[in-house]
Amino acid sequence: MIVIFANTMQTNRLSIAGWLGKRATHFIYGTFLVFMGLVSHESSALGAEPSVALKLHASGFTSPVAFAPLNDGKGTMVLADQVGNLSLVNSAGIVRGQPFLSLSDRITKLNTGFDERGILGFAAHPKFAQNGKIYVYYSAPLRISADKEWDHTSRLSEFTTLEGDSEVIDRASEKVILEFDQPYFNHNAGALAFGPSDGFLYIATGDGGNANGQGIGHSSIGNSQDLGNLLGKILRIDIDKGNPYAIPEDNPFQGRGERGELYAIGLRNPWRFSFDRAGNHALYVADIGQNLFEEVNVVVKGGNYGWNIREGSHCFDPESPRKAPESCPQTDSRGKPLIDPIIEYKNLNAFRGESDAYGISVTGGYVYRGSRLEGLRGQYVFADWSQNWAVPSGVLLVGSQADDGSWRVSKLAHQGESLNGYIVAFGEDEKGELYVLTNASNQLINRNGKIYKLTPGS
Ligand SMILES: [Ca+2]
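All values derive from a computational prediction rather than experimental measurement.

1. Quick look at the coordination of the calcium ion
Around the calcium ion, the protein contributes the donor atoms Glu295 (OE), Glu295 (OE) and Tyr305 (O), at 2.2 to 2.8 Å from the metal centre. On the criterion of sequence distance, the pair formed by Glu295 in strand β16 (residues 293-299) and Tyr305 in the loop between β16 and β17 (310-311) is long-range, its members being ten residues apart. Summarising the burial analysis for this pair, Glu295 and Tyr305 share the class buried.

The following block contains the structure:
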C-alpha cells in the first residue's frame, strides 16, 4: 500500500506546515493496524439486522462520486466520475461505451494521488425528458479575477443534450450558473439535488479547506458562519427563473450583506446529501468532522449546524482542535441556536478501539424507500469512507430513529461481495433502490471504482 497523501477527504485537518508530520502518523498507524490484524474489512453480523447483500452492478470507474437518475423516462442512471466523466448506466448495469460528457479538459489539474477536486456533483433537471438539461459541479482552474494565492474555482454549470440525441451532452452548450473561488484544494463538497417539494436546485459547499476553518481565504468568524460568502453552506437557487438563476422568494438570508443563495449554514465539508423521497422529504446532510466527531444532520431552512463553533454536538476550538472545550456559545451571531446533528460517531483515529468509533470520515447516503429490502425501509443508509487511511476498509452504516425521536447507529452487515474499498458515495435509482460507490484506492488512479447494488440477502 503506497501512501502518498494522508490528508483524507474528510479530515483535511492539516495546516500545510503540519502536513508531513500528519502523513507519517497516518502511515505508521495504518501499518500498525495491518500488522496487528486489527483492520476489519467486513461489518460484524448483528442478529436483528435486515439481511442485505452487495451485488456488483457496474465497474471501470476511478472515483465514482454520484449516481443519479437521468429522468429520461427509461430508468437510465448517470455516473459521475471525479476524474472528469459522466457515463450512462442502464438499469441492468451496462455502461454505455461513449461518455455522456467528458470534462477532463475543463477541470483543474488533479493530483494523481489523493485529491478532493474534480467533478463532485451531478443532477439532471426534473424535466430532462422535455428540456435535456443537466447540472454539474466541478473544480475549474482558478479564474482570472481570483486571488492568485488561491487554489481553484468551484463551478456549477448547466449543459444540454445534442439536438436530437438524448444520450450525448453538447459540450458547447455549457452555461456557467455559479462560480466561487477556493483557497485550498480540500473541502469542496459539491453534491447537487433538486428539492422534491419545491423544484429548486440545492448545492452543498465546503468551508474553503485547510483545517479548523482557518487559513487564507477564511473569514475571521469562519466561512461557515459568515453570511457574506457561499462557503460551508447549503445553497438553494431557482434554475427555472432568472438568468442564470433566481433567488427563491422565501430563502432565509436576504438581508444587507447576506448572500441570498444561502439555505442553511455552519457546515464544514458536507460530503453527500439527499432528500428523503417519501415522508416530509427531509434533507439529510452528512458533514465530515475535523479530528473527533463525524455527523449527519437533518437540515432545515435557515438552520445553523455549528461549524466551526461546534464539531458534532461538542464545542470546538480551532486553537485546540483535539480537545473539545467545556463550553462554547449555544447560539450564533444572530442569536439563532446551533443545531446538533441527529447522528454523531467518534473518529477512529482519535478514539481507537471504542465501539462507537466507526471510521475516519462520514459519507452521506439515503433513507431507504425501495421495495426489495423490507427491513431497511425508512432507515438512513450511509457509511464511513474507511476505517483506516491506508487500507481500503469502508464500512456501511444504518441509522434508525426510535419512537422517542432519538437515533441509533449500527454497522450494516452484508452478504455477497466484499467492499474492499473506500466508500465514496451512494446512489438511488427511480425505484428507490440504493447503490454503494467505491474506489479501491484513496487516490485518483486506475479504474477500480465500482457500483454495488444493495439487494436482499439469503
Ligand atoms: Ca455540525
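2. A word on the pattern of salt bridges
If you walk through the whole model with that rule in mind, you get 19 salt bridges. Between Arg310 and Asp340 there is a salt bridge, with the nearest N and O atoms lying 3.9 Å from each other. With a gap of 30 residues between them, Arg310 in strand β17 and Asp340 in the loop between β18 (314-315) and β19 (343-347) connect regions that are remote in the sequence. You can call Asp340 partly exposed: its relative accessible area is 38%. Between Glu374 and Arg377 there is a salt bridge whose closest N-O contact spans 3.3 Å.

3. Side note on the sheet that holds strand β10 (residues 192-194)
Hydrogen bonding along the main chain pairs the strands of a sheet, whether they run parallel or antiparallel. A sheet is described by the order of its strands in space; here four strands give the open sequence β10-β11-β12-β13, paired in antiparallel fashion. The outermost strands of the open sheet, each flanked by one partner alone, are β10 and β13 (262-264). Within this sheet the neighbouring strands show an average axis-to-axis angle of 30°, counted without direction. Examined bridge by bridge, strand β12 (residues 234-237) and β13 share two bridges and lie antiparallel to one another. When the bridges of β13 are listed, Ile234 appears paired with Ala264.

4. Focus on the sheet that holds β16
Ordered in space as β14-β15-β16-β19-β20, the five strands form an open sheet in which the pairing is mixed. Looking at which strands have only one partner, the edges of the open sheet turn out to be β14 (273-275) and β20 (357-359). Each adjacent strand pair in this sheet contributes to an overall mean axis angle of 30°, direction not counted. Inspection of the sheet shows β14 paired to strand β15 (residues 283-287) by three bridges, in the antiparallel sense. Looking at the pairing, Ser274 lines up with Tyr284 of β15.

5. Comments concerning the pairing of strand β3 (residues 77-81)
In summary, the side chains of a regular strand alternate between the two faces of the sheet. Extensive coverage of β3 is indicated by the burial of five of its five residues. Side-chain alternation along β3 places Met77, Leu79 and Asp81 on one buried face and Val78 and Ala80 on a second face that is also buried. Where strand β2 (residues 64-69) meets β3, five bridges bridge the pair, whose relative direction is antiparallel. Within the sheet, the bridge partner assigned to Ala66 lies in β3 and is Ala80. The sheet contact formed by β3 and strand β4 (residues 85-89) spans five bridges and is antiparallel. When the bridges of β4 are listed, Ala80 appears paired with Leu86. A loop of three residues connects β3 with β4, the two strands running antiparallel in sequence, and Gly84 in this loop sits at a positive phi of about 130°.

6. Some remarks on the pairing of strand β7 (residues 133-141)
Most of β7 sits out of view: seven of its nine residues are buried. One ladder, built from five bridges, connects strand β6 (residues 119-124) with β7; its direction is antiparallel. Along β7, the bridge assignment pairs Ala123 with Tyr135.

7. Re the confidence of the model for the chain
When the pLDDT values of the chain are averaged, the result is 91; 89% of them are 70 or greater. Between residues 1-47, whose pLDDT stays under 50, and residues either more than four places distant or in other chains, the model counts 123 contacts.

8. A closer look at the layout of surface pockets
Empty space within the largest pocket amounts to approximately 740 Å³. Elements with a contribution of two residues or more to the lining of the largest pocket: β2, β6, β10, β14, β21 (362-367) and β26 (422-428). In terms of residue count, the dominant contributor to the lining of the largest pocket is β2 (five residues). In terms of residue class, the lining of the largest pocket is built from 19 nonpolar, seven polar and eight charged.

9. A few points about the nonpolar core
Membership of the largest hydrophobic core comes to 64 residues, with the highest contact counts inside it found for Leu86, Phe122, Ile134 and Val136. If you tally residues by element for this core, the top one is β7, at six residues. Those residues in contact with Leu86 that lie beyond four places of it in its chain are Val78, Leu79, Ala80, Pro99, Phe100, Leu101, Ile119, Phe122, Ile134 and Val136. Counting residues in hydrophobic clusters, the runner-up holds 18 residues, among them Val52, Tyr366, Leu373 and Val398.

10. Topic: the packing of aromatic side chains
The full count for this structure, using the stated rule, is 16 aromatic pairs. A centroid spacing of 6.3 Å and a plane angle of 70° characterise the contact between Phe114 and Trp385, whose relative ring orientation is edge-to-face. Here Phe114 is found in the loop between β5 (101-102) and β6, whereas its partner Trp385 is found in the loop between β22 (380-384) and β23 (395-401), with 271 residues between them in sequence. With respect to burial, Phe114 and Trp385 carry one shared label: buried.

11. What about the state of the cysteines?
This model, assessed by the stated rule, comprises one disulfide. Across the disulfide, Cys315 is cross-linked to Cys328 (sulfur-sulfur distance 2.1 Å). Disulfide Cys315 to Cys328: torsion about the S-S bond roughly -75°, handedness left-handed. Of this pair, Cys315 sits in strand β18 while Cys328 sits in the loop between β18 and β19; the two residues are 13 residues apart in sequence, bridging distant segments of the chain. With relative accessibility at 17%, the residue Cys328 sits in the buried group.

Quick notes on the rules
Residues numbered from 1 in each chain as written. Predicted model: local features only at pLDDT ≥ 70, side-chain atom pairs only at ≥ 80, totals over all residues. Heavy atoms only, no water. Donors = N, O, S within 2.8 Å, 3.2 Å for Na, K, Ca; no water. Helix = DSSP H or I, 4+ residues; strand = E, 2+ residues; numbered from the N terminus. Buried < 20%, exposed > 50% of the residue type's maximum accessible area, 1.4 Å probe, protein only. Salt bridge = Lys/Arg side-chain N within 4 Å of Asp/Glu carboxyl O. Pairing = 2+ DSSP bridges. Axes fitted to C-alpha atoms, helices over the stretch in contact; angles between N-to-C directions. pLDDT = per-residue confidence, 0-100. Contact = heavy atoms within 4.5 Å. 1 Å grid on protein atoms, 1.4 Å probe; cavity = no way out; pocket = protein on both sides within 12 Å on 5 of 7 lines; lining within 4 Å. Points joined across faces, edges and corners; volume = space filled by probe spheres on them. Nonpolar A, V, L, I, M, F, W, Y, C, P; charged D, E, K, R; others polar. Core = buried A, V, L, I, M, F, W, Y, C linked by side-chain atoms within 4.5 Å. Phe/Tyr/Trp six-rings, centres within 6.5 Å; stacked < 30°, edge-to-face > 60°. Disulfide = S-S within 2.5 Å.

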